[in-house]
Every structure is written in C-alpha cells, then in structure tokens.
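Residues per chain, in single letters:
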Amino acid sequence: MINLDSVTKKFGAHTAVDNVSYTIKKGASFALLGPNGAGKTTIVRMLLDFIKPSSGNITINGLPVSDPASRRHIGYVAEQHRIPPYLSGLEYLSRHASLIGLSGEEAGNEVDRVLGMVFMKGQERKKSAAYSRGMKQRMGLGAALLGKPELLILDEPVTGLDPIGIRDVRKIIEALRDKKMTVVLNSHLLSEVEKICDTAAIMYKGKILIKDNINAIVKDHETLEDVFFRYIENAK
Amino acid sequence: MLDQMRHKSFYVLLGLSILFILMIRGCYDGEYMVNGRMVDNTAVAWHVSKIVFHLITAGMFLMVSMLSMKIFSRDHEDGSVVLFLSRSVVRWQYVLGRVTGTWALCLVFMFILHLTIFLTVWVKTGTLISGYLTASFVCSISLFFVIACICFLSLFMPGFISALFTMGMLFVGFISDGGYQIFNSDIVRAAVPSSINLEPALWRVLYPKVFMVQAYADTIISKGELHKMGPFHPLLNLFFFIFLIMVLMVNAFNRKEI
C-alpha cells in the first residue's frame, strides 16, 4: 500500500528524515511514534506531497506521491485540523465531497453517514468558528472518511483534546480498523496507540529505531511506553 | 469566487460602489450652462460616463488589490490549501482556480457598475453609448494582470507589500504610457511638431501596458485613435505578461512547501 524507499528530507543543514525505508501493507494499522522533532510529521507531509523528499521514493498503491491520483483514496486529518471559519461543518463536508467527485443526493447521503460516524449530527449547520477544538478534529475526521477511503492518515489527531474527545476519536479509529481500513497514525499518546494499532515504528532524530508488530515489540510485563523510552534512551 | 464573497472587504467595497453610483446618478439630472449657454445634456452625459468609466476601473484596481493580496496566505492560515491539496487536486488547478475565481468575481462586479452607468445614461438621455460594455470587458484583462501579479509576488513577500509593489508598477506605467499618449495627442503634435520623432526607450515599449489597455478601452468608447507604443498591441503585451506570470506562479507554487 505505502512504500518508502531510502527517503531523506533535509531542511537546510538539518536532516529531518534520514534514509527511511519501510512498507505498510493494506489493512494494517500503523503507528509512527517518536518525540517532537523525530520526523513523523515530515513523513506525513511527504506522503501527501505537501513537501518533496530530498532523496528517495515514496509510492502509494504503486503510484508516486507526486501523482495526484495517489491521493484519490486517502483521507487525511491534520494535527489541529483547521476548517475555514466562514464555512459551516456541512459546507466543509460538502466541499470535500465535491472534491472527491460526489454530488447531489449521493453527496448528501455520504455527508449524513460520516456526520453520524463522528458524532456531529445536529452540529453541522454551525459555522466552524463556533466549534471547539474537539469538534473541529471530529469534523476533520468526518471529511477524511468521505467516500470510504482505503487509507486514513492521522497526524496527531488527539493532540489538545480532552479525555472525552480522545475517547471519541479512538472509538472512531477502532471502528475503522475493524473494517480493515489501512490507518497510519502519528501520535504521542502511546496508550492510545497500543489500543488502536497492530504495527508501530519508533523514530528518533529522523531515523527509524525499530519497526515491527506491537505484540512482538512489547515483551511480557512491559507497556509500549516502556519500550518507547528504552529505545529512545538507547539512541541518545 | 464564492469564497471571496464571504469576506467582509468584499461587502465594504460593494457598499461603497453602490453609494458612488447613487451619487453619480445626480449628474444626469441637472441642466448645464457654460458661458451663459445651455449645454446639450447628451454631450454632458457622454463625457461624465467616460470619466466615471475610468473612475470605476481605477476603483476596481484597488478592490482587486485588497482581494488578491491575501488569497494564498489566508488559504494557508484557515486550512483551505490543505483541504484542496490533500485531495487529488493538482497544484496548478488550485492556483488557476483561485486567480480566475477572483478575476471572475471582479469582472462581474465591474461589469455591473459599468452596466448601471450605461443604463442610467440610456434612461435619462435616451442615448446608448456604443462600445461602453465592450470596453468594460477589455479593462477586465488589466484586472487579471493585477490579480496574477499580486498573487505571484505574495508567494515571496507579505501580501500588502506585493499589492503596493504592483500599484507602484502600475503608477510607473501610468506615467510612461500616459506621457506617451499626451505627447502624441493632436494638440501637442500641433503645438510641438518635433515631439513626433521622439522614440520611447526599449523598457517603455516592453513594460506591461496596463494604462495603454485602459487607453485602448477609451478609444472603443470614443472611436478615437490609439497611439500605441512599439510594434505590439497593448492587449498582446498584457496577454504575454499574464501568461508569463501564471507560468512563473504555478512553477513557484509547485516548489512551495505546504
């Protein structure tokens, strides 16, 4: 599904991602873990062609990410998802629906479906300026789910949310995982990742320290948090 | 186009324009006397309409500056650019969509103002000013140039500075082309015959001909002669610059990190 081959990204003299290679298979729930500045968001931005890699290749479904067709079946939720303040939630979702080629009754039904999925029914006619951060994240997730994408890329989707908001988002992602949707989750919240994902990679200073099945990484009487700190301490 | 209509600045300018048109309307009602003789009302209406035509276009230059200078920065801040580019929208489609959308809005806006004047003259004097609406479309090419120029520059500098820079560029063209028009006018030619032989410098010939296009629009209304500078028609000059700027803008935006 996703293939990164010797990908490096430099910002001037700083190397944000250093020769990273890995493959994410279809249907996997993959977590990118790492402290701030590890290069997780840079990888997500390269997956969406928001920035170009300095070297290496990235493909999604065999298509290079520079090809807009590679994003045809992707849903994306940004960290601190922003919605134009002059749009209502309904208008925002309708715009996304039109961008993926849905129109008329089909678009209306699809928007209605995702509004239910992200617990935003009844709130969709309010301007997004009136939404709380959690509501914006859920609406962003709703937009990402339009058209039943094959791949969902979530960049720190629960950052800044209260415990209820985190639980809501987690429930949504768990439901998607159960439907065998490929999920790439970029997160700091290791306890949430442990509940949601089956595979994880730990990054530090642009390099991947380990990538494996979470059950294989986490030994007996350990948590993912223990493993994470062990790898980061060893890498320092 | 609809996004631009959601911003307050659009409605402030719309309100000011309506106020301006309502004030101008009174000019067509009065009777004019020069040196004790009544002046033909139709002639006055024609001259007033021509002046208002240029005032509207000048006002539109300010309006497009205000609308264009924040297109990309605002889209970046409010997440619109991520909305489009995280889908299978190609970057050139996004750039072209934003520029042409703003232009289409301004074209309609300007056309409505010009049409209002056109209809007012018709109702008040029974005269149709031929070429008035065609000239409006010609002026809209200049608006496209201004929008493209400001949007392109705003990729490298703050929007307000890019708008000021573009206005400065228009002002230089106004002085250069306006001076050329004056030196080639019938009055100056008759008074100073040697002015006919003055050849403009190459940079003046190649400079974006926004003012010349305005002068060309004027000739469409007045059926006068356009004293064009150099071998190229000003419209051709402006089309070339619009194409060049659009190519550079798409190229620069393709390299931009989101």
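Everything numeric in this text was worked out from a predicted model, so none of it was measured.

Caption draft 1: Region of interest: the domain arrangement of chain A. All names here are of chain A. Its domain assignment divides chain A into domain 1 (2-73 + 150-235) and domain 2 (84-148). Using only C-alpha atoms to locate each centre, domain 1 and domain 2 end up separated by 25 Å. Each partner contributes residues to the interface: domain 1 has 9 residues there, and domain 2 has 9 residues. Tallying contributions element by element places helix H5 (residues 163-178) first for the side of domain 1 that touches domain 2, with 4 residues.

Caption draft 2: Quick peek at the interface of chain B and chain A. If you look at the interface, chain B gives 15 residues, while chain A gives 18 residues. Partitioned by chemical class, the residues of the side of chain B that touches chain A number 7 nonpolar, 4 polar and 4 charged.

Caption draft 3: A look at the packing of helix H2 (residues 89-99) of chain A against helix H4 (residues 133-145) of chain A. Residues and elements named next belong to chain A. Two elements in contact, H2 and H4, have axes whose closest approach is 9 Å; the angle formed by their N-to-C orientations is 25°. The orientation of H2 relative to H4 falls into the category roughly parallel. As for how H2 packs across H4, the hand of that crossing is right-handed. Between H2 and H4, the contacting residues are Gly89, Tyr92, Leu93 and His96 on the first element and Met139, Gly142 and Ala143 on the second. Of the residues contributing to the contact of H2 with H4, the split by class is 4 nonpolar, 3 polar and no charged.

Caption draft 4: Fine view of the nonpolar core. In terms of nonpolar packing, the biggest core is built from 74 residues, with Leu33(A), Leu47(A), Ile153(A), Val183(A), Leu185(A) and Val193(A) touching the most fellow members. Mapped onto the domain boundaries, this core takes at least three residues apiece from domain 1 (2-73 + 150-235) and domain 2 (84-148) of chain A. Counting residues in each nonpolar core, the second largest holds 55 residues, with Leu13(B), Met69(B), Leu105(B) and Cys151(B) among its members.

Caption draft 5: Main features of helix H2 (residues 41-68) of chain B. Helix length check: H2(B), at 28 residues, gives a terminal C-alpha distance of 40 Å against a target of 40 Å (1.5 Å per residue), a fit within 8%. Residues of H2(B) that are buried include every one of Ala45(B), Ser49(B), Val52(B), Phe53(B), Ile56(B), Thr57(B), Met60(B), Met63(B), Val64(B), Ser65(B), Leu67(B) and Ser68(B), and no others.

Caption draft 6: Fine view of the sheet that holds strand S3 (residues 29-33) of chain A. Residues and elements named next belong to chain A. With respect to topology, 6 strands assemble into an open sheet ordered S6-S7-S8-S3-S9-S10, the strand pairing being mixed. For this open sheet the edge positions go to strand S6 (74-77) and strand S10 (207-213), each flanked by a neighbour on one side alone. Between one strand and the next, the sheet's axes are offset by a mean angle of 15°, whatever the strand orientation. Two elements, strand S9 (residues 199-204) and S10, share 6 bridges in a ladder whose sense is antiparallel. Residue pairing across strands places Ile202 opposite Ile210, the latter belonging to S10.

Caption draft 7: Expanded view of the sheet that holds strand S1 (residues 2-11) of chain A. Residue and element names in this part refer to chain A. Strands sit in the order S2-S1-S4-S5 across an open sheet of 4 strands; the sheet is antiparallel. At either margin of the open sheet sits one strand with a lone partner, and together these are strand S2 (14-24) and strand S5 (63-64). Two strands pair when backbone bridges link them, and S1 and strand S4 (residues 55-60) are joined in this way by 5 bridges, in the antiparallel orientation. When the sheet's bridge partners are listed, Asn3 is paired in S4 with Thr59.

Calculation criteria
- Position labels on residues start from 1 in each chain and follow its written sequence.
- Written order decides the labels, with chains lettered from A and ligands numbered from 1.
- Local features in this predicted model are restricted to residues whose pLDDT is 70 or higher, and side-chain atom pairs enter the listing and the counts only when it is 80 or higher, whereas totals over whole chains, interfaces and linings include all residues.
- Here the bounds of each domain stem from an automatic or database domain assignment.
- Here contacts are defined at the residue level, using C-beta atoms placed from the backbone and a cut-off of 7 Å between them.
- Secondary structure follows DSSP: runs of H or I at least 4 residues long count as helices, runs of E at least 2 residues long count as strands, and numbering of each begins at the N terminus.
- In this count, Pro and Cys sit with the nonpolar residues alongside Ala, Val, Leu, Ile, Met, Phe, Trp and Tyr, while Asp, Glu, Lys and Arg are called charged and the others, Gly among them, polar.
- For helices, the fitted line uses only the C-alpha atoms of the stretch in contact; every axis is such a line through C-alpha atoms, and the angle between N-to-C directions lies from 0 to 180 degrees.
- Oblique is the label for any angle not under 35 degrees, not over 145, and not in the 65 to 115 range, which are roughly parallel, roughly antiparallel and roughly perpendicular in turn.
- Handedness of each helix crossing follows the sense of rotation of the near helix against the far helix: counterclockwise by less than a right angle gives left-handed, clockwise gives right-handed.
- Connectivity within a nonpolar core runs through C-beta atoms within 7 Å, and the core itself is a set of buried Ala, Val, Leu, Ile, Met, Phe, Trp, Tyr and Cys residues.
- To sort residues by burial, count the other C-beta atoms lying within 10 Å of each one's C-beta; a count of 20 or more means buried, 12 or fewer means exposed, and anything in between means partly exposed. C-beta atoms are built from the backbone.
- A helix is expected to reach a length of 1.5 Å times the quantity of its residues less one.
- For two strands to be treated as a pair, DSSP must find at least two bridges joining them.

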